[in-house]
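Architecture and fold: a report
Each chain is listed here by its residues.
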Amino acid sequence: MVSTIIVDIEKKIIFALRTNRLIMEINFDKEYLRQLYEEGKTTDKKHRFQPHIIARYQLRIKVLEQAQDIEELYPLHSLHYEVLKGAKAGISSIRVNDQYRIEFTVKQVSSETVVTICNILELSNHYK
């Protein structure tokens, strides 16, 4: 079922590119985050996750990729999108599941078009 969802999201991304619809630019702050997304595993022994967490992480990143801007995340209640407060002020997060979340920063660049750049900072255990 996860592979079906991935294929559907990839089709939407290709459609977005063909129709010149802007999609969010995704950058990874740490190498293990990029590896988890692109390869489904990491060489960093400190950051090992269960396969179902990695699959959900990949799906969540794809949702971020296909969004035109951050406002598209608000109606998707399953993401639990929020802007963090306190020591993590200025950082946004979405949920991978009840235990893990993806933390990221958002920056909008204005030129002829508005491009939203999402910098993935961490895949963290929400309760630690």
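Residue positions are given per chain, counted from 1 along the sequence in the order it is written. Per-residue local features of the predicted model are confined to residues with pLDDT of at least 70, and side-chain atom pairs are confined, for both listing and counting, to 80 or more; whole-chain, interface and lining totals are unaffected and use all residues. Heavy atoms from the whole structure form the basis of all side-chain values; hydrogens and water molecules are not counted.

Not every positive phi belongs to a glycine, and histidine 80 is a case in point at roughly 55°. Comment: elements are numbered from the N terminus, with helices defined as DSSP H or I runs of at least four residues and strands as E runs of at least two. Checked against the element boundaries, histidine 80 lands in the loop between α3 (51-66) and β2 (82-83).

By convention, a stacked pair of Phe, Tyr or Trp rings (six-membered ring in the case of Trp) has centres within 6.5 Å and planes under 30 degrees apart, an edge-to-face pair has planes over 60 apart, and any other such pair is tilted. According to the stated counting rule, one finds four aromatic pairs in the structure shown. Seen in terms of ring centroids, tyrosine 74 and tyrosine 81 are 5.1 Å apart; in terms of plane orientation they differ by 90°. Their pairing is edge-to-face. Summary of the burial criterion: residues with accessible area below 20% of their type's maximum are buried, those above 50% are exposed, and those between are partly exposed, where the area comes from a 1.4 Å probe applied to protein chains only. Given the relative accessible area of 47%, tyrosine 74 is considered partly exposed. Looking at tyrosine 81, the relative accessible area reads 14%, which means it is buried. Among the aromatic residues, those joined into a ring-pair cluster are Tyr74, Tyr81 and Phe104.

So, on to the pattern of salt bridges. Criterion for a salt bridge: a side-chain nitrogen of Lys or Arg within 4 Å of a carboxyl oxygen of Asp or Glu. Applying the stated criterion across every chain yields a total of five salt bridges. Across the pair lysine 30 and glutamate 122 runs a salt bridge, and its minimum N-O distance is 2.9 Å. Of the two residues, lysine 30 is situated in the loop between β1 (25-28) and α2 (31-39) and glutamate 122 in strand β5 (residues 114-125); the sequence distance between them amounts to 92 residues. Its relative accessible area of 30% is what places lysine 30 among the partly exposed residues. Across the salt bridge formed by arginine 101 and glutamate 103, the nearest N and O atoms sit 3.3 Å from each other. A relative accessible area of 11% places arginine 101 in the buried class.

Another point: the packing of α2 against α3. At their nearest, the axes of α2 and α3 sit 9 Å apart, and the two run at 95° to each other. The angle between α2 and α3 falls in the class roughly perpendicular. Packed against α2, whose contacting residues are Leu33, Leu36 and Tyr37, the element α3 presents Ile54, Tyr57, Gln58, Ile61, Lys62 and Glu65 at the interface. Any residue outside Ala, Val, Leu, Ile, Met, Phe, Trp, Tyr, Cys, Pro, Asp, Glu, Lys and Arg is labelled polar, Gly included; the first ten of those are nonpolar and the last four are charged. Tallied by class, residues from the contact of α2 with α3 come to six nonpolar, one polar and two charged. Whenever a helix is involved, its axis is fitted only over the stretch in contact; in every case the axis is a line through C-alpha atoms, and angles between N-to-C directions fall within 0 to 180 degrees. Just so you know how the angles are binned, under 35 degrees is roughly parallel, over 145 roughly antiparallel, 65 to 115 roughly perpendicular, and the rest oblique. We call two residues in contact whenever any of their non-hydrogen atoms come within 4.5 Å of each other.

Below, the discussion takes up the environment of leucine 84. Mapped onto the elements, leucine 84 comes out in the loop between β2 and β3 (92-95). A sequence separation of 19 residues divides leucine 84 from glutamate 103, and the C-alpha atoms of the two residues are 9.0 Å apart. Dropping the residues within four chain positions of it, leucine 84 is found in contact with Ala89, Gly90, Ile91, Ser93, Arg101 and Glu103.

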